[in-house]
Amino acid sequence: MFDDRSPIYRQIADRIKADVANGTLSPDEQVMSTNQYASFYAINPATAAKAFAQLVDEGVLYKRRGVGMFVSPGAREALVSDKRTKYFDAVLGPALDEAEAIGIDPKDIFEFLAARTKRDPK
Amino acid sequence: MTPTLSLDTVTHRYGDTLALDDVSLTLSNPGIHGLLGRNGSGKTTLMSLVAGLRKASRGAITLDGQPVYENFAATSQICIIRESGDTTSEWTETINDGLTLARDMRPYWDDAYANRLLDRFQLSKKHKVNALSRGQRAKFACLLGLAARAPLTMFDESYLGMDAPTRYDFYDALLEDFMAHPRLILVSSHHIEEIAKLFEEVIIIEDGRVMLHESADALRGRGLTLTGPAAAVDAIAAGANVLSEKTLGSTKMVALYDVAPDLEERARAAGLETALLPIQDIFVHLTAKRGKD
């Protein structure tokens, strides 16, 4: 369920962020409680609470006292825009490094891109 | 509901054998806390002293300021369940008799919950306790420990003898009940990898001394493995506290402990694979120096 590359609370926070970014969780939708998360993943509730605290700090979630945690209205746009900023460094850069390492001709990459853009016009 | 347990310079001897050596420890946060140690490290002695079953040779043990030894006000707040429910292995009475006894003795006993656990653990009230299998007796013992709802509850290898599905069922029950009724729960176990995710704090004892006491999340962040080309791994790991190393051809893996905060980032920048060391591995590395069973 969790890998050991980063702390569990960060992995929970990342999953919730991914759900917000891809629209699985809508603005102002309530998320599961700390205890529900703890039961589901069989983890210490303080670890789950730490993930939520981080998401509140980052403005992804907001707290309604006595009710629970909800998705902040602007969170999706902020997360998507953040991903967009990081896309070239985090995703495309390494992919192009890999292409270079295995000797793919840049011309082929341009052709691939052109074919894709034609097939799937935006 | 969560009491403060405090051990102040506690030493305990059995004849010439030093079982606990100057242990000071305070637990006051609600949580399922792990007491880890190798065989003979002093876990059971520590729990027995805390439960007031023995008097410490030296030092003070208090629960909310009350001495625990021969003090009903304190011991009524404490429940200890020992290995496979050893205290119940000679009972010729039925499970139902055991429940009746617990109802009378345990101020926070929850009878409805005990009955739900009987169903969940598939135990029958009519069974005689001494006729149960080891695994069933462990289930019954854990049931008694959970339904007692004592503000300080200790499970000392209590689920030894349970098969894996039953152990996982116990972990689920323990977590659910802890969340519904937060309290101080201390668990000693050799199945560390199974239960470590539930731990809030971890205490490691070794040779009768507290070697480490800290939050499980913090402990998990203290050990790191690096894997990659040997030269690159050596360059990043230079000067770090190396717990173990292995090589496979030109690939090397090192396990590090207490690393500098920026080491992980440097390792990733150098193209190395990094992973956090699970608590079980940290425990093994920290206590592996002895050759005891």
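Before any of the text, the structure's been laid out above.
As a starting point, this report considers the structure included with it. (Residues numbered from 1 in each chain as written. Chains lettered and ligands numbered in written order. Predicted model: local features only at pLDDT ≥ 70, side-chain atom pairs only at ≥ 80, totals over all residues. Heavy atoms only, no water.)

What follows deals with the nonpolar core. All names here are of chain B. In terms of nonpolar packing, the biggest core is built from 79 residues, with Leu 143 and Leu 174 touching the most fellow members. Ranked by the residues each element gives to this core, the list is headed by helix H5 (residues 134-147), at eight residues. When residues no more than four places from it in sequence are discounted, the contact partners of Leu 143 are Leu 99, Trp 109, Ala 114, Leu 117, Leu 118, Phe 121 and Leu 123. (Core = buried A, V, L, I, M, F, W, Y, C linked by side-chain atoms within 4.5 Å. Buried < 20%, exposed > 50% of the residue type's maximum accessible area, 1.4 Å probe, protein only. Helix = DSSP H or I, 4+ residues; strand = E, 2+ residues; numbered from the N terminus. Contact = heavy atoms within 4.5 Å.)

This part covers the interface of chain A and chain B. Taken together, the contact pairs 16 residues of chain A with 15 residues of chain B. When chain A packs against chain B, close to 1,400 Å² is buried across both sides, 52% of that on carbon and sulfur atoms. The largest contributions to the chain A side of the interface with chain B come from A:Asp4, A:Arg5 and A:Asn44, which together make up 39% of the buried area. In this structure, the connection of chain A to chain B is made through zero salt bridges. Applying the counting criterion to the chain A and chain B interface returns five residue pairs in polar contact (both at pLDDT 80 or more). Contributing elements (two or more residues each) for the side of chain A that touches chain B: helix H2 (34-41) and helix H3 (45-57) of chain A. (Buried area = accessible area lost by both parts, 1.4 Å probe. Salt bridge = Lys/Arg side-chain N within 4 Å of Asp/Glu carboxyl O. Polar contact = N/O pair within 3.5 Å; in protein donor to acceptor, adjacent residues only side chain to side chain.)

Residues and elements named next belong to chain B. In terms of burial, strand S9 (residues 201-206) is a largely internal element, six of the six residues being buried. A two-sided burial pattern is seen for S9, the buried positions comprising Glu 201, Ile 203 and Ile 205 on one face and Val 202, Ile 204 and Glu 206 on the other. Pairing of strand S3 (residues 31-36) with S9, which is carried by three bridges, proceeds in the parallel orientation. Along S9, the bridge assignment pairs Leu 36 with Ile 204. Connecting S9 to the next strand, strand S10 (residues 209-215), in antiparallel fashion are two residues, including Asp 207 with a positive phi near 50 degrees. (Pairing = 2+ DSSP bridges.)

Residue and element names in this part refer to chain B. Taken together, the four strands give an open sheet; going across it, the order is S2-S1-S4-S5, and neighbouring strands pair in antiparallel fashion. The outermost strands of the open sheet, each flanked by one partner alone, are strand S2 (17-27) and strand S5 (66-67). Pairing geometry for strand S4 (residues 58-63) and S5, over two bridges, is antiparallel. Each bridged residue has a counterpart across the sheet, and for Leu 63 the counterpart in S5 is Gln 66. Against the sheet, helix H1 (residues 43-50) engages strand S1 (5-14), S2 and S4, with an angle of about 120 degrees to S1. (Axes fitted to C-alpha atoms, helices over the stretch in contact; angles between N-to-C directions.)

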